[in-house]
Every structure is written in structure tokens, then in C-alpha cells.
Amino acid sequence: GRYCLHGITRANVLHIARAAGIPTRETTFSLTDVYDAAEAFVTGTFAGVVPAHTIDGRVLTEGRGPMVERLQGLYRQAVERELA
């Protein structure tokens with residue numbers, strides 16, 4: 001997307017998702033698109049994959065959804081392999 005920072009963690013999560021057969025798409029999206037999302041997440045160096053619960057004051061989800069949990073697990077496994 002136009003306003004996305006191209007960080008290392010983000011790139012790793014995209015790579016991991018694609019390797020696991022999870023469809024990925026990099027695009028600019030609107031706030032309306034986000035409101036319709038079943039799940040959302042952000043990535044960060046220290047946090048890894050973090051679910052986004054609230055966007056612009058609207059609750060997306062009360063907790064982690066299945067896709068965020070899957071990505072968190074895949075990311076954690078990749079980090080553990082790298083540290084081993």
C-alpha cells in the first residue's frame with residue numbers, strides 16, 4: 001500500500017504466509033475496507049504479529065481470530081528456527 005512501511009518483520013510475515021499457502025495481497029485500502037474486515041493485524045519488530053481489535057473507534061474483533069493466531073504461530077516458529 002501507499003502508506004505502508006516496508007519493514008523486516010512485515011516482509012517476513014508476508015514470506016511466511018505465502019510459504020504456508022495463505023493468499024496475500026499488497027494494496028492500498030480504504031477505511032471502509034477495514035470496517036468490513038473479519039480480522040486485522042499489524043507487525044512490529046518487538047511485537048511480531050499483533051491483532052488489531054479496534055480501528056477508528058470501531059471494534060473489529062474481541063480477540064484474536066483464527067488467521068491472526070495462525071500467523072502468530074508461523075511467525076513464532078520462524079523466529080525459533082532462526083535463533084536455534
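Residues numbered from 1 in each chain as written. Predicted model: local features only at pLDDT ≥ 70, side-chain atom pairs only at ≥ 80, totals over all residues. Heavy atoms only, no water.

A. Geometry of the pattern of salt bridges. For the structure on display, the rule yields two salt bridges. Linking Glu26 and Arg10 is a salt bridge whose minimum nitrogen-to-oxygen distance equals 2.4 Å. Taken together, the residues span a long stretch of sequence, with Glu26 in the loop between helix H1 (8-19) and helix H2 (31-35) and Arg10 in helix H1 at a distance of 16 residues. What makes Glu26 partly exposed here is its relative accessible area of 42%. For Arg10, a relative accessible area of 14% puts it in the buried group. The partner of Glu26 in a salt bridge is Arg18, with the nearest N and O atoms 3.1 Å apart. A relative accessible area of 44% means that Arg18 is categorised as partly exposed. Salt bridges sharing partners connect three or more residues here, namely Arg10, Arg18 and Glu26. (Salt bridge = Lys/Arg side-chain N within 4 Å of Asp/Glu carboxyl O. Helix = DSSP H or I, 4+ residues; strand = E, 2+ residues; numbered from the N terminus. Buried < 20%, exposed > 50% of the residue type's maximum accessible area, 1.4 Å probe, protein only.)

B. Spatial organisation of unusual backbone geometry. Phi is positive for Asp56, close to 55°, though the residue is something other than glycine. Under the relative-accessibility criterion, Asp56 is labelled exposed at 57%.

C. Here's a closer look at H1. The first and last C-alpha atoms of H1 sit 16 Å apart over twelve residues, in line with the 16 Å expected at 1.5 Å per residue. Three or more residues of H1 are buried, namely Thr9, Arg10, Val13, Leu14, Ile16 and Ala17. Viewed along the axis of H1, the buried residues span an arc of 165°, placing them on a single side of the element. In H1, those exposed residues whose orientation departs by more than 90 degrees from the buried face are Ile8, His15 and Ala19. Downstream of H1 by a residue or two, Gly21 has a phi angle that is positive, lying close to 80°. (Expected span 1.5 Å × (residues − 1). Arc of directions from axis to C-beta.)

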